[in-house]
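Residue-level listing of the chains:
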Amino acid sequence: MERREFFKKGLLASIYGLALAAVSYPAIVFITFRRSSKIEVVFEPQDQGPDIRYKEGVYLLKNGDELKAVSARCTHLGCLVNYNPISRRFECPCHGSVYDATGKRIAGPASKDLLAVPLNRSPDGTITVTIEIQA
């Protein structure tokens, strides 16, 4: 192959590569787009128990007077975790991640604790939690 032909093929390959990237970029963005929305979960005073309560993707953890809300989504791949009252742990049914009763990671493929969610307490005792959902 002569030098001139080599450069001609290299230039042509570069142009084809750029054209392919320009055409495929919108399709890739469309496929990978994730819409997120925020929902409010309200725990009325009668919904607040002495231990752990679940409602619409949020666990409300009560330890004495301390309140904490955590997302029910596993930090590994987003499966919903279940609370086991016997072992007092959150367990992911998909891949076996385990969290303690405060949401701290104990074992499994997950590398982070359950996501803490900010909560607001009104004077009448109602607790409102705003959580972001990825769809």
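### Overview of the overall build of the protein chain
Logical step 1: Check the secondary structure of the protein chain and you find one helix and 11 strands.
Logical step 2: Secondary structure of the protein chain in N-to-C order comes out as α-β-β-β-β-β-β-β-β-β-β-β.
Logical step 3: Taking the principal axes of the C-alpha coordinates as reference, the protein chain spans close to 80 × 35 × 20 Å.
Logical step 4: Counting across all 135 residues of the protein chain, residues that qualify as buried make up 26%.

### A word on helix α1 (residues 3-32)
Logical step 1: Between its terminal C-alpha atoms α1 stretches 42 Å, which fits the 44 Å expected from 30 residues at 1.5 Å a residue.
Logical step 2: At Ser 24, α1 shows its maximal bend, which comes to roughly 35°, and the proline Pro 26 appears one to four places after that position.

### Remarks on the nonpolar core
Logical step 1: Counting 15 residues, the largest nonpolar core has Ile 52, Tyr 59, Val 81, Phe 90 and Tyr 99 as the members making the most contacts within it.
Logical step 2: Within the second largest apolar cluster, 10 residues are counted, among which are Phe 43, Val 58, Ile 127 and Val 129.

### Notes on the layout of surface pockets
Logical step 1: If you add up the space inside the second largest pocket, you get close to 170 Å³.
Logical step 2: Forming the boundary of the second largest pocket are Asp 51, Ile 52, Leu 61, Lys 62, Asn 63, Glu 66, Leu 67, Lys 68, Arg 88, Ala 101 and Thr 102.
Logical step 3: For the lining of the second largest pocket, the secondary-structure elements that each account for two or more residues are β3 (58-63) and β4 (66-71).

### Quick look at the state of the cysteines
Logical step 1: Taken as a whole and assessed by the stated rule, the structure comprises one disulfide.
Logical step 2: Shown here is the disulfide that connects Cys 79 with Cys 94, its sulfur atoms set 2.2 Å apart. Disulfide Cys 79-Cys 94: the torsion about the S-S bond is -115°, which places it as left-handed. Within this pair, whereas Cys 79 is found in the loop between β4 and β5 (82-84), its partner Cys 94 is found in the loop between β6 (89-91) and β7 (98-100), the two being separated by 15 residues in sequence.
Logical step 3: With a relative accessible area of 15%, Cys 79 lands in the buried category.
Logical step 4: Here Cys 74 is not cross-linked by a disulfide; its sulfur's nearest cysteine counterpart is in Cys 92, at 3.9 Å.
Logical step 5: The exposure class of Cys 92 is buried, given its relative accessible area of 7%.

### A few points about the sheet that holds β5
Logical step 1: Taking strand neighbours across the sheet as the criterion, the four strands line up as β5-β6-β7-β8 in an open arrangement whose pairing is antiparallel. Here the strands that pair on one side only, and so sit at the sheet edges, are β5 and β8 (105-107). Averaged over all pairs of adjacent strands, the angle between strand axes in this sheet comes to 35°, irrespective of strand direction.
Logical step 2: As judged from the three bridges shared by β6 and β7, these two strands associate in the antiparallel manner. Looking at β7, one finds that Glu 91 is bridged to Val 98.

### Observations regarding the environment of Ile 86
Logical step 1: As for its placement among the helices and strands, Ile 86 is situated in the loop between β5 and β6.
Logical step 2: Taking C-alpha positions, Ile 86 is 19 Å from Gly 64, a pair spaced 22 residues apart along the chain.

Calculation criteria
- Residues numbered from 1 in each chain as written.
- Predicted model: local features only at pLDDT ≥ 70, side-chain atom pairs only at ≥ 80, totals over all residues.
- Heavy atoms only, no water.
- Helix = DSSP H or I, 4+ residues; strand = E, 2+ residues; numbered from the N terminus.
- Buried < 20%, exposed > 50% of the residue type's maximum accessible area, 1.4 Å probe, protein only.
- Expected span 1.5 Å × (residues − 1).
- Bend = angle between axes of the 7 residues up to and from the residue.
- Core = buried A, V, L, I, M, F, W, Y, C linked by side-chain atoms within 4.5 Å.
- 1 Å grid on protein atoms, 1.4 Å probe; cavity = no way out; pocket = protein on both sides within 12 Å on 5 of 7 lines; lining within 4 Å.
- Points joined across faces, edges and corners; volume = space filled by probe spheres on them.
- Disulfide = S-S within 2.5 Å.
- Pairing = 2+ DSSP bridges.
- Axes fitted to C-alpha atoms, helices over the stretch in contact; angles between N-to-C directions.

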